[in-house]
Number of protein chains: 2
Amino acid sequence: MSEDRWTPPSVLLAVDLVILTLRDSLLQVLLVERGVEPYRGAWALPGGFLNNSDEGLKEAAHRELLEEAGLNGSQLHLEQIGTYGDPGRDPRGRIVSVAYLAIAPGLPEPAPGTDAAGASWVPVQEVLCRRRTLAFDHYDILVDGVERAREKLERTALATAFCGSTFTIADLQRVYEAVWGVQLDPRNFYRKVQGVPGFIVATGSVRRTARGRPARVFRAGPCTVLNPPIVRPERTGTGEEKQ
Amino acid sequence: MSEDRWTPPSVLLAVDLVILTLRDSLLQVLLVERGVEPYRGAWALPGGFLNNSDEGLKEAAHRELLEEAGLNGSQLHLEQIGTYGDPGRDPRGRIVSVAYLAIAPGLPEPAPGTDAAGASWVPVQEVLCRRRTLAFDHYDILVDGVERAREKLERTALATAFCGSTFTIADLQRVYEAVWGVQLDPRNFYRKVQGVPGFIVATGSVRRTARGRPARVFRAGPCTVLNPPIVRPERTGTGEEKQ
DNA sequence: TCAAAAGTGTTCTCACTACACCCATGT
DNA sequence: ACATGGGTGTAGTGAGAACACTTTTGA
């Protein structure tokens, strides 16, 4: 505990983003193609270094969100996943990265044409199945981020962050099904979601679709913590746990 | 994404520890009395700066665990809580701190006489009730750490980390009761714990106490994830939710 | 009139709670 | 004998799964 006279080493601090959304009823993540070494040409999570010494961590995450994905931070779910600081995780030197999870409502446009032209949405399954590899330890970060999202769907109103300002219960169900990778019974889901006080509130209007009865339209309610929770069905050992 | 020619600012990286244990059937945390400015004389979580640029984050946590608490890291639960990096959280300058949660079995000796003489175990309740204040943002870190421990008791075998290598089911129950701050039915707890395959395994021997029937002795089983989980009884609104 | 999607009612099952009860020990 | 804590049996309760059924729309 002799912290006098000796100056501790300083490290470079970066922020990486796991930005999830729902597109074509699929859970997708925003990836960028790296334009510089190392891992030039490989896919990676969007991110970057802290701007200056006065920038907060979450503040930096918001800035990267805007710069690299064109997403305006306000009214967008953003939470810290964890910090990844193994020496050797970046060949450039000692770089410690704080990872954030962001949830965006399904955007109509596929990729941001703004700043990072190489950015595009990729189905999470493609990465998880190793059909597409990521730079650095970004695979681990993505896995942790997705798992975080899966957990939080159970007990928080995170699912509404995937939807726009209004949505139907079927929309919400598609979120749960895509993130969890399961099929849910629409009838039971309907009642379960309605049974959580303050989770969703009806707007009064309905939404017409191609066919079938129009669905009531809802918006996110005041409750952020779900009580009772929407419990994820347990993957009863089909043998493909780790796959 | 113009990361050429411009060199990003570096920050000082520290590691802070929330070390929890069970003493006198109370959840306690290890605190140290600060010997230097800032916050000289105040209580704080043990921690310190990274030793050098090649030291891993978890590695640094293990080192601090040994240096400040005299706890040998091996076979000791240690997991990352999160990273706290608000500018201004430390008056000395921009210091980003990665917080770790450590769980130790109840030690017979109250405080480590080793290195940091000012260290001592303090009931978590005393801090949470603001009867004892902490330096920096260590109160927030402690709250997050305790909440993490509470959550993990439900679905992982974390509770066994509070016990020694062997324990009785009543010992385990005391862990759950202390961490959650609730009372549990011993009969139902007994069966519930036994009903989780691989959670605990009987050693065959029994432990005699002052009075009553001797209890069977167990040790931690191979399973780290509890299925079915030990569900925490919900605090049915006694009105003191946020307090 | 039919298909398709929204929304409702009802049964069954299973896990958990509560508590009565038996077992093994020290005093 | 009896107090104390360990361990077992069992009925009642409540939430969720499964699924039959009704409602409302477009074609």
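Note on numbering: residues in each chain are counted from 1, in written sequence order. Each chain gets a letter, beginning with A, and each ligand a number, beginning with 1, in the order they are written. For a predicted model such as this one, the threshold for reporting local features is a pLDDT of at least 70, and the threshold for listing and counting side-chain atom pairs is 80 or more; totals across whole chains, interfaces and linings nevertheless cover every residue. No hydrogens and no water enter the side-chain calculation; it runs on all heavy atoms of the structure.

Q: I'd like to hear about the overall build of chain A, residue by residue, with values.
A: In terms of helices and strands, chain A carries six helices and ten strands. Residue exposure (1.4 Å probe, protein chains only): buried if accessible area is under 20% of the type maximum, exposed if over 50%, otherwise partly exposed. Counting all 243 residues of chain A, 49% fall into the buried class. Contact definition: two residues touch when any of their heavy atoms are within 4.5 Å. A fraction of 64% describes how many contacts in chain A between residues 6 or more apart in sequence connect residues 24 or more apart. In short, Shrake-Rupley with a 1.4 Å probe defines the accessible areas, and a residue's cover is counted only from the protein chains shown. Accessible surface, chain A as shown: approximately 12300 Å² in total, 49% of it carbon and sulfur. Here a strand is any run of E in DSSP of at least two residues, a helix any run of H or I of at least four, and the numbering for each starts at the N terminus.

Q: Residue-level account of the interface of chain B and chain A, with values.
A: Across the boundary between the two partners, chain B contributes 33 residues, which contact 34 residues of chain A. Whenever two N or O atoms come within 3.5 Å, that pair is a polar contact, provided that in protein one can donate a hydrogen and the other can accept it, and provided that, for residues adjacent in sequence, both atoms are side-chain atoms. At the surface where chain B touches chain A, the tally comes to nine residue pairs in polar contact (both at pLDDT 80 or more). Going through the elements one at a time, β1 (10-23), α1 (57-69), β5 (77-84) and β6 (95-103) of chain B are the ones with two or more residues in the side of chain B that touches chain A. In the side of chain B that touches chain A, the residues fall into 15 nonpolar, ten polar and eight charged. As paired elements, strand β1 (residues 10-23) of chain A and β1(B) share three bridges and run antiparallel to each other. Its bridge partner being in β1(B), Val11(A) is matched across the sheet by Val11(B). Each residue gets one label: Ala, Val, Leu, Ile, Met, Phe, Trp, Tyr, Cys and Pro are nonpolar, Asp, Glu, Lys and Arg are charged, and the others, such as Gly, are polar. Here a strand pair is declared whenever DSSP counts at least two bridges between the two strands.

Q: Break down the packing of helix α3 (residues 138-155) of chain A against helix α5 (residues 169-180) of chain A for me, citing the residues and quoting the values.
A: Residue and element names in this part refer to chain A. Here, axes are lines fitted to C-alpha atoms. For helices the fit covers the stretch in contact, and angles between N-to-C directions go from 0 to 180 degrees. Where α3 meets α5, the axes come as close as 9 Å, and the angle between the chain directions of the two elements is 140 degrees. Judged by the inter-axis angle, α3 sits oblique to α5. Helix-helix and strand crossings are classified by hand; for α3 and α5 the assignment is left-handed. Contacts between α3 and α5 involve Ala-149, Arg-150, Leu-153 and Glu-154 from the first element and Val-175, Tyr-176, Val-179 and Trp-180 from the second. Counted by class, the contact of α3 with α5 contains six nonpolar, no polar and two charged residues. By the definition adopted for this analysis, an angle is roughly parallel if under 35 degrees, roughly antiparallel if over 145, roughly perpendicular if from 65 to 115, and oblique otherwise. Working rule for handedness: look at the near helix, and if it is turned counterclockwise from the far one by less than a right angle, call the crossing left-handed; if clockwise, right-handed.

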